[in-house]
Amino acid sequence: GDFNYLNKPLDFITLECASCNSGRGMRIVRFADNGLEWDGTETTVEVTLAVDNFWKRDPMNTALPFTEATECEIAAVLAGLTSLKILGDFTMAGEGVALDDVSISGRDDQPAFPLACQQGCTCSHDTRFKRISCCGSSTSTYYPIA
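This structure is a prediction, so every number in the text was calculated from the model and none was measured.

### Section: the overall build of the protein chain
So, point 1. For the protein chain, the count of helices and strands is two helices and seven strands.
So, point 2. Walking the protein chain from its N terminus toward its C terminus, one meets helices and strands in the order β-α-β-β-β-α-β-β-β.
So, point 3. Burial statistics for the protein chain: of 146 residues in total, 30% are counted as buried.
So, point 4. Looking at the protein chain alone, contacts between residues at least 24 apart form 57% of all its contacts between residues at least 6 apart.
So, point 5. On the protein chain, roughly 9700 Å² of surface is accessible, and the fraction owed to carbon and sulfur atoms is 50%.

And the structure:
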């Protein structure tokens, strides 16, 4: 493919959780920028899944901006992971992309689950409750029952 004509946006890695955000779903994305740019040559890529590593929370609303993913949003998505997507179509033209040796590993210097998130997040539907499935919901936003 011609890497002068890239698809936009280049959402390189996407993690989704259907049960997060009080059942509304949540998606965190690592775009192909800030060190993940690719020109088609063979390369090894390592991506750290952590706060301050360019992971963005998808607002799932095109009128709203992507925001930095929080520690609890990342933890919630991993706890309820329903989809892992790795981009293979970088250009607007045809291209051949091969992906080899994908591995996922945990870090040695972290607890099994972030301490700050172990009690969950405040639920927007009832602020008396805290659950990991409520991470990503906002108590300042009204979510109608569909």
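### What to know about the packing of aromatic side chains
So, point 1. Using the criterion set out here, one finds one aromatic pair in the structure.
So, point 2. Taking 5.2 Å as the distance between ring centres and 75 degrees as the angle between the ring planes, the aromatic pair formed by F31 and F66 counts as edge-to-face. Of this pair, F31 sits in strand 2 (residues 26-31) while F66 sits in the loop between strand 3 (55-58) and strand 4 (67-68), and the two are 35 residues apart along the sequence.
So, point 3. Among the residues examined, F31 registers a relative accessible area of 15% and is labelled buried.
So, point 4. Judged by its relative accessible area of 35%, F66 is partly exposed.
So, point 5. Directly above the ring of F129 sits R131, whose terminal nitrogen or CZ lies 4.9 Å from the centroid.

### Quick word on the environment of T82
So, point 1. Note that T82 resides in strand 5 (residues 81-86).
So, point 2. Spatially, the C-alpha atoms of T82 and G25 are 9.8 Å apart, while their sequence positions differ by 57 residues.
So, point 3. Residues within four places of T82 in sequence aside, it is in contact with E16, C17 and A18.

### Some remarks on the pattern of salt bridges
So, point 1. One pass over the full model with this rule turns up six salt bridges.
So, point 2. Among the ionic pairs, R57 bridges to E73, the shortest N-O distance being 3.2 Å. Here R57 is found in strand 3, whereas its partner E73 is found in helix 2 (residues 71-79), with 16 residues between them in sequence. By the burial criterion, R57 is buried, and E73 matches it.

### Some details on the state of the cysteines
So, point 1. For the structure on display, the rule yields four disulfides.
So, point 2. With a sulfur-sulfur separation of 2.2 Å, C17 is cross-linked through a disulfide to C20. Negative torsions about the S-S bond denote left-handed disulfides, and the value of about 90 degrees found for C17 with C20 makes this one right-handed. Across this residue pair, the class does not change: C17 and C20 are buried.
So, point 3. The side chain of C72 participates in a disulfide bridge whose partner is C117; the two sulfur atoms lie 2.2 Å from each other. Looking along the S-S bond of the C72-C117 disulfide, the torsion reads about -100 degrees, which is the left-handed sense.

### Notes on the sheet that holds strand 3
So, point 1. Spatially, five strands are ordered 4-3-2-1-5 in an open sheet, and the strand pairing comes out antiparallel. Of all strands in the sheet, those bounded by a partner on one side alone are strand 4 and strand 5.
So, point 2. As paired strands, strand 1 (residues 11-17) and strand 5 are joined by five bridges and run antiparallel to one another. Bridge assignment links C17 to a residue of strand 5, and that residue is L81.

What counts, and at which threshold
Residues numbered from 1 in each chain as written. Predicted model: local features only at pLDDT ≥ 70, side-chain atom pairs only at ≥ 80, totals over all residues. Heavy atoms only, no water. Helix = DSSP H or I, 4+ residues; strand = E, 2+ residues; numbered from the N terminus. Buried < 20%, exposed > 50% of the residue type's maximum accessible area, 1.4 Å probe, protein only. Contact = heavy atoms within 4.5 Å. Areas by Shrake-Rupley, 256 points an atom, 1.4 Å probe, with all protein chains shown as cover. Phe/Tyr/Trp six-rings, centres within 6.5 Å; stacked < 30°, edge-to-face > 60°. Lys NZ or Arg CZ within 6 Å of the ring centre and 35° of its normal. Salt bridge = Lys/Arg side-chain N within 4 Å of Asp/Glu carboxyl O. Disulfide = S-S within 2.5 Å. Pairing = 2+ DSSP bridges.

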